[in-house]
Amino acid sequence: MKYCPKCKAYTEHKVKVETVRKLRRALSKGQRRAERRSKGHGNHGRYSKKPISQWKLHAKTTRKIDLVLTCTVCGTSRHVSLRRMKRFEVVKV
Ligand SMILES: [Zn+2]
């Protein structure tokens with residue numbers, strides 16, 4: 001049971017773990033350019049290197065968890081961010 005701001009009551013919610021998956025249109029121009037350049041042959045200029053976060057810095061071993069809560073009464077969904085943790089499981093109570 002979670003509070004739903006639309007129903008203004010505590011209702012049953014469906015919980016989904018949000019994954020990083022954006023719509024194509026949501027990609028920035030730079031990301032689209034990088035994708036185009038990294039196709040084909042040869043050196044891809046500054047896109048040859050992976051993002052620094054992928055080959056240097058390994059300070060963080062955890063990820064923040066984002067949840068999508070969907071109210072089963074009115075159907076509105078909202079996002080909730082949780083703390084950093086290594087593993088997260090949705091436990092059905
Ligand atoms: Zn609701």
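Participant: How do you make sense of the overall build of the chain when you look at a structure like this?
Facilitator: When its secondary structure is counted, the chain shows 2 helices and 5 strands. Each helix and strand of the chain, placed in order from N terminus to C terminus, yields the pattern β-β-β-α-α-β-β. When each of the 93 residues of the chain is scored for burial, the buried share is 3%. Looking at the chain alone, contacts between residues at least 24 apart form 52% of all its contacts between residues at least 6 apart.

Participant: For this particular structure, what's the right way to read the environment of valine 80?
Facilitator: Within the secondary structure layout, valine 80 lies in strand E5 (residues 77-85). C-beta crowding within 10 Å serves as the criterion here: with 13 such atoms nearby, valine 80 is assigned to the partly exposed category. If sequence neighbours within four positions are ignored, valine 80 has contacts with Leu67 and Leu69.

Cut-off values and rules
Residues numbered from 1 in each chain as written. Predicted model: local features only at pLDDT ≥ 70, side-chain atom pairs only at ≥ 80, totals over all residues. Helix = DSSP H or I, 4+ residues; strand = E, 2+ residues; numbered from the N terminus. Buried ≥ 20, exposed ≤ 12 C-beta atoms within 10 Å, placed from the backbone. Contact = placed C-beta atoms within 7 Å.

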